[in-house]
Amino acid sequence: MPMIESVKAAFVDHNGKQEGDPVRGVRAVLSAMNAPVPPRRIVLGNSGYDVVTGMYEKALVELRANEKLSRSTDF
């Protein structure tokens, strides 16, 4: 369990020093929930947004690279 203890200690040490503002996060979630058309997904924070958009962009490149193979399965 040393790994679990070190991860827990890192979280405790980082508490209150996070980049994100919890109050702004709650406001963003409430705003999204109350939108006329609520988003199916929301990512909070700059680093989170960058990671997720990078992940989707990479996946889209892979899908497009295999488009011909994917479409070849129809009659």
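Residues numbered from 1 in each chain as written. Predicted model: local features only at pLDDT ≥ 70, side-chain atom pairs only at ≥ 80, totals over all residues. Heavy atoms only, no water.

Inspection of every chain in the model, using the stated rule, returns two salt bridges. The closest approach of N and O atoms between Arg-24 and Asp-21, which form a salt bridge, is 3.8 Å. Taking the relative accessible area as the measure of exposure, Asp-21 reaches 37% and is therefore partly exposed. A salt bridge links Glu-67 to Arg-71; the shortest N-O distance between them is 2.7 Å. You can see Glu-67 and its partner Arg-71 sitting in helix 4 (residues 67–71), four residues apart, about one turn around the helix. For Arg-71, a relative accessible area of 59% puts it in the exposed group. (Salt bridge = Lys/Arg side-chain N within 4 Å of Asp/Glu carboxyl O. Buried < 20%, exposed > 50% of the residue type's maximum accessible area, 1.4 Å probe, protein only. Helix = DSSP H or I, 4+ residues; strand = E, 2+ residues; numbered from the N terminus.)

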